[in-house]
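# Chains, contacts and geometry: an overview
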Amino acid sequence: MSGSPEMLSCREVVELVTEYLEGALSEAEEVRFEEHLAMCDGCAAYLDQMRTTIALAGRLDPEAVDLEACDRLMHAFRGWKADPEGRAE
Ligand SMILES: [Zn+2]
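Below you will find a few notes about this structure. Not measured: the values here are computed from a predicted model. (Residues numbered from 1 in each chain as written. Predicted model: local features only at pLDDT ≥ 70, side-chain atom pairs only at ≥ 80, totals over all residues. Heavy atoms only, no water.)

### Let's talk about the environment of Cys40
- Mapped onto the secondary structure, Cys40 falls in the loop between helix H2 (27-39) and helix H3 (41-57).
- The spacing of Cys40 and Cys10 is 30 residues in sequence and 8.2 Å in space, taken between C-alpha atoms. (Helix = DSSP H or I, 4+ residues; strand = E, 2+ residues; numbered from the N terminus.)

See the structure below:
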């Protein structure tokens, strides 16, 4: 079978980004992945962002990045609550 390869959806691309960066995709998948990127600015930007994130984090761990953002939110939240004069209700 050597027909026209099915185009990946954006959602599939997002799901495959980690594996793509790890080089875990098959050759055929990689081709389809890159074909989508060539035509889709959104996914290209997403991949770029992932690469930057990984470069900053020094490893491939998107969940850890999420947790970090969450942690920052918690800090902001606690900062508010810790201010006793902020809320005199
Ligand atoms: Zn896309």
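Let's pick the thread back up.
### Things to note about the packing of helix H1 (residues 10-22) against H2
- Where H1 contacts H2, the axes come no closer than 10 Å and their chain directions differ by 125°. Judged by the angle between their axes, H1 and H2 are oblique. The chirality of how H1 crosses H2 is left-handed. Taking contact as the criterion, the partners of Cys10, Val13, Leu16, Val17 and Tyr20 in H1 are, on H2, Glu30, Phe33, Glu34, His36 and Leu37.
- Here the residues of the contact of H1 with H2 sort into 7 nonpolar, 1 polar and 2 charged. (Axes fitted to C-alpha atoms, helices over the stretch in contact; angles between N-to-C directions. Parallel < 35°, antiparallel > 145°, perpendicular 65-115°, else oblique. Left-handed = near helix turned anticlockwise from the far one by under 90°. Contact = heavy atoms within 4.5 Å. Nonpolar A, V, L, I, M, F, W, Y, C, P; charged D, E, K, R; others polar.)

### Some remarks on the packing of aromatic side chains
- For the coordinates displayed, the defined rule picks out 1 aromatic pair.
- An angle of 15° between the planes, with centres 4.2 Å apart, marks the rings of Tyr20 and Phe33 as stacked. With a gap of 13 residues between them, Tyr20 in helix H1 and Phe33 in helix H2 connect regions that are remote in the sequence. The same class applies to Tyr20 and to Phe33, which are both buried. (Phe/Tyr/Trp six-rings, centres within 6.5 Å; stacked < 30°, edge-to-face > 60°. Buried < 20%, exposed > 50% of the residue type's maximum accessible area, 1.4 Å probe, protein only.)

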